[in-house]
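# Observations on the model geometry
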Amino acid sequence: MTLFKLLISLIVCLIANQAHSETIKTDQLEHQNNVRASFKLFSETQRKKFSYTITKYENEEGDVTSSLETYSPAASIAQSWSLIELNGEIPTKAQVNKYLKNKSKKKDNSKNNQSISISQLVDIDTLQILNEDNEFIKSSFKVGYSRFGETAKNKLEGILTFDKNNQFVQNIEIINNDHFSPMFSADINKLKLTLSFIKIKNAILPLSTKMRLVGSMAMFIEIDEISTVDYSNYTL
C-alpha cells in the first residue's frame, strides 16, 4: 500500500510538472502573439495623421546640436513641418530653408528605400519571459537585424517590456556584450539603443529613441555619440 501511494504521488507530481510546463509554453506563445500584434498595430498606425512635437539632441565627440520641431498634417512639407528652435535659438530663414530641403530629400529617399521595421530588430520567436507582474512582462530576445553586421551575431542582447493592461510593447532595449564590426574598418565597443512607445486610443506611436555609441573608425578615428529623439504633444 505504501509503495502504491508512493507511485501515485510520483505520477501526480509528473502530471503537475507537465501541466506547469505546458502552461509556461502557452504563456510564452501568447506573449509572442501579443508582441506580434503590437508591432502590427504600430506599423499600421498612420502617424502622419497626428500633430506632434519632436525634440532632438545629438553629441558627436563633443559637437552638440539640438532642435525643436513640430509637425501637423498638411498638403505640403513647408506647411507640415516647422523648425521652432535650432541649438536653443530661433532659426534664421536660411536655416529653415535648409531644414525644409532636407525634409523633402528624406521624403524622396523614403519612397525608394525601405526603412528598418521593429519586427526586423526583434526576433519574436526567440522571446523568453524573464519576469512578470500585474502590469508588465519583461522578456529577452535575439536581435535579428542583419545590418548590424555578421560579427554582431550573439553579441547583441535585447530586452522587451510589454504593458499587459494596455496590450502593447512599451520599451525595447538593445545592448552589446562584446565589441563588433557593423562595417569594414569600424569597431563598436559600446552600443545601447532604447526605443519607447506610447499607446493613444488604438494607435501605437513612438515616444523616444535613445542611442549611445562608442568605438572607432579606421583604427584612429574615435566614435563617441549620444543621440535622443523625443516625441510629445500628440493630437489628432
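### Quick notes on empty space enclosed by the protein
This model, assessed by the stated rule, comprises one cavity of 30 Å³ or more. If you add up the space inside the largest cavity, you get close to 30 Å³. As for the largest cavity, its lining consists of Ser38, Phe39, Phe42, Ile118, Val169, Phe197 and Ile204. Sort the elements by how many residues they give to the lining of the largest cavity and helix H1 (residues 2-44) lands first, with three residues.

### With respect to a nonpolar patch on the surface
Taken together, the side chains of Tyr57, Val64 and Ile226 present a nonpolar region at the surface, about 220 Å² in accessible area. Of note, Val64 is situated in strand S2 (residues 63-71).

### Remarks on the sheet that holds strand S3 (residues 81-86)
Spatial strand order, S3-S2-S1-S10-S9-S8-S7-S6-S5-S4: ten strands in an open sheet with antiparallel pairing. The sheet is open, and its two edges are formed by S3 and strand S4 (122-132), each paired on a single side. When strand polarity is set aside, the average angle formed by the axes of neighbouring strands in this sheet is 20°. Here strand S1 (residues 51-60) runs beside strand S10 (residues 221-235); their pairing, made up of nine bridges, is antiparallel. Pairing of Thr53 across the sheet is with Ser232, part of S10.

### A word on the pattern of salt bridges
Here the structure, examined in full by the defined rule, presents seven salt bridges. In this structure, the salt-bridge partner of Arg36 is Asp125, at a minimum N-O distance of 3.1 Å. A residue pair is termed long-range when its members are at least 10 positions apart, and Arg36 in helix H1 and Asp125 in strand S4 qualify at 89 residues. Here Arg36 falls in the partly exposed class, since its relative accessible area comes to 36%. For Lys164, the salt bridge is made with Glu132, and the minimal N-O distance between the two is 2.9 Å. Remark: Glu132 occurs in strand S4 and Lys164 occurs in the loop between strand S6 (156-163) and strand S7 (168-176); sequence separation between them is 32 residues.

### Brief notes about the packing of aromatic side chains
Under the definition given, this model contains seven aromatic pairs. Taken together through their ring pairs, the aromatic side chains of Phe50, Tyr52, Tyr71, Trp81, Tyr231 and Tyr234 make up a single cluster. Positioned over the ring face of Trp81 is Lys103, at 3.8 Å from the centre of the ring.

### Quick word on the nonpolar core
The biggest cluster of nonpolar side chains holds 29 residues, and the ones touching the most others in it are Phe39, Leu160 and Ile172. Sorting the residues of this core by element identifies H1, helix H4 (118-121), S4, strand S5 (136-143), S6, S7, strand S8 (186-200) and strand S9 (203-217) as the ones contributing at least two each. Of the residues forming this core, the biggest block, five residues, is contributed by S8. Setting aside chain neighbours within four positions, we find Ile172 in contact with Phe39, Ile118, Val122, Phe141, Ile159, Leu160, Leu193, Thr194, Leu195 and Phe197. One finds Ile77, Tyr99, Leu100 and Leu205 within the second-largest nonpolar core, a separate group that totals 14 residues.

Conventions we followed
Residues numbered from 1 in each chain as written. Predicted model: local features only at pLDDT ≥ 70, side-chain atom pairs only at ≥ 80, totals over all residues. Heavy atoms only, no water. 1 Å grid on protein atoms, 1.4 Å probe; cavity = no way out; pocket = protein on both sides within 12 Å on 5 of 7 lines; lining within 4 Å. Points joined across faces, edges and corners; volume = space filled by probe spheres on them. Helix = DSSP H or I, 4+ residues; strand = E, 2+ residues; numbered from the N terminus. Patch = residues over 30% accessible without salt bridge, like charges linked within 9 Å, V, L, I, M, F, W, Y side chains within 5 Å. Areas by Shrake-Rupley, 256 points an atom, 1.4 Å probe, with all protein chains shown as cover. Salt bridge = Lys/Arg side-chain N within 4 Å of Asp/Glu carboxyl O. Pairing = 2+ DSSP bridges. Axes fitted to C-alpha atoms, helices over the stretch in contact; angles between N-to-C directions. Buried < 20%, exposed > 50% of the residue type's maximum accessible area, 1.4 Å probe, protein only. Phe/Tyr/Trp six-rings, centres within 6.5 Å; stacked < 30°, edge-to-face > 60°. Lys NZ or Arg CZ within 6 Å of the ring centre and 35° of its normal. Core = buried A, V, L, I, M, F, W, Y, C linked by side-chain atoms within 4.5 Å. Contact = heavy atoms within 4.5 Å.

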